[in-house]
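Close look at the chain arrangement
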Amino acid sequence: MGPTTGGRTRLSGMQKQVLSLYRGFLRASRSKSPEDRRQIESFVSAEFRRNSKQVDHKNFIYIEYLLRRGKKQLEQLNSPDTVGLSSMNVTFSETENPKN
Amino acid sequence: MALRAAVLRHVRVAVQTRGLESNPWFTSGSIRLMSSHDDHLTKEEVADRVLSVIKSFPKVDPSRVTPEVHFQKDLGLDSLDNVEIVMALEEEFKLEIPDKEADKIDSCNLAIEYIHNHPLSS
């Protein structure tokens, strides 16, 4: 994910946003049931890493789109009205495979 | 009434004559309050627990963990793993670490330093 192989690199503003979003999901998952928490963490982890591999790190426009979308999904996760994880899965898979 | 007054008088006198040196509660209490970290976690204790958390991280090879390791440079983790480690440390020490600080913690040393200096670590 970006220049993680180097030494102490300064994170770009965009990288910080991505990490902040990731952190947000992990924080949100803490308040769920242990089973839900495992599911969320596993899913979010896979998703972020997949995007990191597949998306060109210079494709700022797409990354910004993913960040916006992720923030909305996080808001839903944090909202008390969220019913469960299945709806989240559907959302993700619908917009999967950014074959540019 | 008279008895009470006598007792109170006695107590007052007792406090006056004892002073700070001989009252163990006061001695340890005041010195404790003046010092910075004595009643806090020792650096050793923090280090032990930090190392333990990192060693239990699934993607980490425990034999490579030393107090000097960098999470990404030495342990082959990525920045997302770094986030996960810092969050695991938050849970271990019952802290909430703000993003700005969390982004800087990318090695064992920095983690130990930060946690040891944090007034609320437990």
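Residues numbered from 1 in each chain as written. Chains lettered and ligands numbered in written order. Predicted model: local features only at pLDDT ≥ 70, side-chain atom pairs only at ≥ 80, totals over all residues. Heavy atoms only, no water.

Topic: the overall build of chain A
- Helix and strand counts for chain A come out as 4 helices and 0 strands.
- Listed by position from the N terminus, the elements making up chain A come as α-α-α-α.
- Within chain A, residue pairs in contact and separated by at least 24 positions form 60% of the contacts whose partners lie at least 6 positions apart.
- Accessible surface computed for chain A: about 6,400 Å², of which carbon and sulfur atoms make up 54%. (Helix = DSSP H or I, 4+ residues; strand = E, 2+ residues; numbered from the N terminus. Contact = heavy atoms within 4.5 Å. Areas by Shrake-Rupley, 256 points an atom, 1.4 Å probe, with all protein chains shown as cover.)

Remarks on the overall build of chain B
- Looking only at helices and strands, chain B has 6 helices and 0 strands in total.
- Listing each helix as α and each strand as β along chain B from the N terminus yields α-α-α-α-α-α.
- Out of the 122 residues in chain B, the part that is buried amounts to 38%.
- Across chain B, contacts joining residues at least 24 apart in sequence account for 56% of those joining residues at least 6 apart. (Buried < 20%, exposed > 50% of the residue type's maximum accessible area, 1.4 Å probe, protein only.)

A short note on helix H1 (residues 13–30) of chain A
- Here H1 of chain A is 18 residues long and its end C-alpha atoms lie 26 Å apart, about the 26 Å a rise of 1.5 Å per residue gives.
- Every buried residue of H1 of chain A is accounted for by Met14, Gln15, Val18, Leu19, Leu21, Tyr22, Arg23, Gly24, Phe25, Leu26, Ala28 and Ser29 of chain A.
- Elements that come into contact with the buried residues of H1 of chain A comprise helix H2 (34–54) and helix H3 (60–78) of chain A together with helix H4 (79–93) and helix H5 (99–102) of chain B. (Expected span 1.5 Å × (residues − 1).)

Examining unusual backbone geometry
- In this structure, Lys94 of chain B takes a positive phi of about 55 degrees despite not being glycine.
- Within the element layout of this structure, Lys94 of chain B appears in the loop between H4 and H5.

Remarks on the confidence of the model for chain A
Residue and element names in this part refer to chain A.
- Per-residue confidence for chain A averages 82 on the pLDDT scale, and 71% of its residues sit at or above 70.
- Long-range and interchain partners of residues 1–7, a stretch whose pLDDT sits below 50, account for 16 contacts in this model, where long-range means more than four residues apart.
- Throughout residues 86–94 the model reports pLDDT below 50, and contacts reaching past four residues in sequence, or to other chains, amount to 9 contacts. (pLDDT = per-residue confidence, 0-100.)

Some words on the packing of aromatic side chains
Residue and element names in this part refer to chain A.
- One pass over the full model with this rule turns up 3 aromatic pairs over all chains.
- Residues Phe25 and Phe48 carry aromatic rings whose centres are separated by 6.3 Å and whose planes lie at 75 degrees to one another, so their mutual orientation is edge-to-face. One end of the pair, Phe25, is in helix H1; the other, Phe48, is in helix H2, with 23 residues separating them in the sequence. Phe48 shares its class with Phe25; the two are buried.
- On the numbers, 5.6 Å between centres and 35 degrees between planes, the contact of Tyr62 with Tyr65 is tilted. (Phe/Tyr/Trp six-rings, centres within 6.5 Å; stacked < 30°, edge-to-face > 60°.)

Observations regarding the interface of chain B and chain A
- Taken residue by residue, the interface counts 20 residues in chain B and 18 residues in chain A.
- Counting the surface lost from both chain B and chain A, the interface buries some 1,800 Å², and carbon and sulfur atoms represent 49% of this.
- Broken down residue by residue, the surface that chain B buries against chain A is led by Leu80, Met87 and Asp103 of chain B, which jointly contribute 33%.
- At the boundary of chain B and chain A, one finds 10 salt bridges.
- Across the salt bridge formed by Arg27 of chain A and Glu96 of chain B, the nearest N and O atoms sit 3.9 Å from each other. (Buried area = accessible area lost by both parts, 1.4 Å probe. Salt bridge = Lys/Arg side-chain N within 4 Å of Asp/Glu carboxyl O.)

Here's the deal with the UniProt feature "domain: Carrier" (unreviewed entry) in chain B
- Per the UniProt record, the feature "domain: Carrier" (unreviewed entry) sits at residues 44–119 of chain B.
- Between the C-alpha atoms that bound residues 44–119 of chain B the distance is 16 Å, and the span itself is 54% helix and 0% strand. (UniProt positions renumbered as here; feature names shortened; annotations may be inferred.)

A look at the pattern of salt bridges
- Inspection of every chain in the model, using the stated rule, returns 19 salt bridges over all chains.
- Across the salt bridge formed by Glu92 of chain B and Arg49 of chain B, the nearest N and O atoms sit 2.8 Å from each other. With Glu92 of chain B in helix H4 and Arg49 of chain B in helix H3 (residues 43–55), this residue pair connects regions lying 43 residues apart in the sequence.
- In this structure, the salt-bridge partner of Lys59 of chain B is Asp81 of chain B, at a minimum N-O distance of 2.6 Å. Taken as a pair, Lys59 of chain B in the loop between H3 and H4 and Asp81 of chain B in helix H4 lie far apart in primary sequence, 22 residues in all.
- Bridged by salt links that share partners, the residues Arg27, Arg30, Arg37 and Glu41 of chain A together with Glu90, Glu91 and Glu96 of chain B form one connected network.

Considerations on the nonpolar core
- Counting 27 residues, the largest nonpolar core has Val50, Ile54, Leu75, Leu89, Phe93 and Ile115 of chain B as the members making the most contacts within it.
- Listing elements by their share of this core, those giving two or more residues are H3, H4 and helix H6 (108–117) of chain B.
- Tallying contributions element by element places H3 of chain B first for this core, with 6 residues.
- Residues within four places of Ile54 of chain B in sequence aside, it is in contact with Val60, Val65, Phe71, Leu75, Ile85 and Cys108 of chain B.
- Core analysis: the next-biggest nonpolar cluster, separate from the first, contains 21 residues, Leu19, Phe48, Val55 and Tyr62 of chain A among them. (Core = buried A, V, L, I, M, F, W, Y, C linked by side-chain atoms within 4.5 Å.)

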